[in-house]
Each structure stands twice: as C-alpha cells, then as structure tokens.
Amino acid sequence: MAAERGGMTAGVVRLLRHFTWALCAHVLGGMLVPFACAAPPETKLTTAQIRTTLGGHHVTDGRHWGHDYFLDGRLERSENGRTRSGRWSAQNNQLCLLLPEVSKVSPVCFDVVLVGGELQYRDAGSVVYAGTVRKNMAPPAR
C-alpha cells in the first residue's frame, strides 16, 4: 500500500486538486463576467455640458446624418443627402433644435445622454439620434 497516502491514492489526490482549481476558476469567472459584460455608464448632460459638448463641434453617425453646431447658435444638418439649416440652444438640461421645416417658432427638444463614447439624443427615453462628436472643421457659413 505504498501508493496510498492517508487512505487516498495519488490519483484521487490529483483529481481533487484539479476539481478544486476548476471550481475556483468557475466561481471567479462567474463573478467577473458581469463586469466585462456590463453596459457602459450613462450620463445625462446638463445645459452647460450640452453647450460645451456641442458648441463648435460636429456630431454624426458616420453614414446617414451629421450636424454642425456653431457657437453662434446656427445649425447645419446633413441628413440622408439633404442639407438644411436651423438653430440650436441648450435649456432646461435639453438640446433644443429649431427646424424651419417643422416649426419656425417651437423647437424640438431632446435629452442628451453620453453612453460610452456615443452621444444619444432621446425623446421620452427613445433614442432619436446616436453618434459621435468631433471638433467642427467646417467654417461657419455667412
């Protein structure tokens, strides 16, 4: 009985060690997966943050639309190949767009939420626009 140690064979000891390591890896993996898969944090922007984030910047989805937000409140929009002008402002923690084709007096306002590196415009919780921000390279039209 030289192969036995305290009533257990060397094979059983190795099997228990392997099982212990596998169990530890499973438990730790189960604890870490929610962190790896967690949604990026959301930050709803304030009036001041909207002005700073958008003023002098271009926001686009890189394909369908792009908005140029000039510091003087002008807005140049390119959406699905059509270019239009408008005005923008930030008030009551919302981005407000005055779009002449919709109304010449009543702006359409959105919550602006930063999710990871994406900027989202939301209306009643639904995402209306989602894109990225970059410095506005277009000179202001006069």
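Residues numbered from 1 in each chain as written. Predicted model: local features only at pLDDT ≥ 70, side-chain atom pairs only at ≥ 80, totals over all residues. Heavy atoms only, no water.

Any details on the pattern of salt bridges? Residues and values, ideally.
In total, this model carries 6 salt bridges according to the counting rule given. Between Arg77 and Glu101 there is a salt bridge, with its nearest N and O atoms 2.6 Å apart. In this pair, Arg77 is assigned in strand 6 (residues 74-79) and Glu101 in the loop between strand 8 (94-98) and strand 9 (108-115), connecting sequence segments 24 residues apart. The class of Arg77 is buried, set by a relative accessible area of 2%. On the accessibility criterion, Glu101 (38% relative accessible area) is partly exposed. Between Glu101 and Arg84 there is a salt bridge, with its nearest N and O atoms 3.3 Å apart. Placement of the pair is Glu101 in the loop between strand 8 and strand 9 and Arg84 in strand 7 (residues 82-91), with a sequence separation of 17 residues. Judged by its relative accessible area of 28%, Arg84 falls in the partly exposed class. Taken together, the salt bridges that share partners define one network made up of Arg77, Glu79, Arg84 and Glu101. (Salt bridge = Lys/Arg side-chain N within 4 Å of Asp/Glu carboxyl O. Helix = DSSP H or I, 4+ residues; strand = E, 2+ residues; numbered from the N terminus. Buried < 20%, exposed > 50% of the residue type's maximum accessible area, 1.4 Å probe, protein only.)

Now, about the environment of Cys96: what can you tell me, with residues and values included?
The residue Cys96 is located in strand 8 in this model. Among all residues touching Cys96, those that are not within four sequence positions of it are Arg87, Trp88, Ser89, Gln91, Pro107, Val108 and Cys109. (Contact = heavy atoms within 4.5 Å.)

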